[in-house]
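# Chains, contacts and geometry: an overview
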Amino acid sequence: VSTQSTGSSGINAEYGDREEVRRICERFGAYKDLYNGVGDGPNDKTLEDKFFEEEVKMLGLSFEQQFHFGVFYAFVKLKEQENRNIVWIAECIAQKNKNKIDNYIPLF
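Figured I'd write up the structure that's included with this text. (Residues numbered from 1 in each chain as written. Predicted model: local features only at pLDDT ≥ 70, side-chain atom pairs only at ≥ 80, totals over all residues. Heavy atoms only, no water.)

With that out of the way, let us pick up helix α4 (residues 47–61). If you check α4, its first and last C-alpha atoms are 22 Å apart, about what 15 residues at 1.5 Å a residue would give, namely 21 Å. When α4 is considered as a whole, its buried residues turn out to be Leu47, Asp49, Lys50, Phe52, Val56, Leu59 and Gly60. (Helix = DSSP H or I, 4+ residues; strand = E, 2+ residues; numbered from the N terminus. Expected span 1.5 Å × (residues − 1). Buried < 20%, exposed > 50% of the residue type's maximum accessible area, 1.4 Å probe, protein only.)

A positive phi angle, close to 60 degrees, is found at Phe67, a residue other than glycine. Of note, Phe67 is situated in the loop between α4 and α5 (70–94). Using a relative accessible area of 82% as the deciding quantity, one classes Phe67 as exposed. Even without glycine at this site, Lys96 takes up a positive phi of about 55 degrees. Relative to the elements of secondary structure, Lys96 occurs in the segment after α5. For Lys96, a relative accessible area of 73% corresponds to the exposed category.

What follows is about the pattern of salt bridges. In the structure shown here, the tally under the stated rule is 3 salt bridges. Where Glu80 meets Lys77, a salt bridge forms, and the shortest distance between an N and an O atom there is 3.2 Å. Of this pair, Glu80 and Lys77 are both found in helix α5, 3 residues apart, which corresponds to roughly one turn of the helix. Glu80 sits in the partly exposed class, given a relative accessible area of 34%. (Salt bridge = Lys/Arg side-chain N within 4 Å of Asp/Glu carboxyl O.)

This part takes up the nonpolar core. Counting 6 residues, the largest nonpolar core consists of Phe52, Val56, Leu59, Ala74, Leu78 and Ile105. Considering every element that reaches this core, the biggest residue donor is α4, with 3 residues. Grouped together as the second largest cluster of nonpolar side chains are 5 residues, Val21, Cys25, Val38 and Leu47 included. (Core = buried A, V, L, I, M, F, W, Y, C linked by side-chain atoms within 4.5 Å.)

This brings us to the environment of His68. Along the chain, the position of His68 falls in the loop between α4 and α5. Under the relative-accessibility criterion, His68 is labelled partly exposed at 28%. There is a polar contact of 3.1 Å between the side chain of His68 and the backbone oxygen of Ser62. A polar contact of 3.0 Å, which involves the side chain of His68, links it to the backbone nitrogen of Gly70. (Polar contact = N/O pair within 3.5 Å; in protein donor to acceptor, adjacent residues only side chain to side chain.)

Honestly, that's just the spatial picture; any functional story needs more than this.
What follows is the structure in structure tokens.
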């Protein structure tokens, strides 16, 4: 299954090792919080998953305001995430890897 949870290997290949990425993330408060809880286990969240979760939270906040066009952008981006979730579930079923089927990014 490689559609959504590709891991942080792309980041690690670019920046060296996990500790170097952690040091860079610690400089910025929001990214430091995202990097905490990232693991290597099969059921652990990857850094990419954490970014997707944070994006969904921020997009959901746009629906709490009125009279702006941000809700249209948020709606489209949330639909994209919904499509990624459907593809993730379909890939898990196709590859008979049902133990990872719950690793999708919940929208709300």
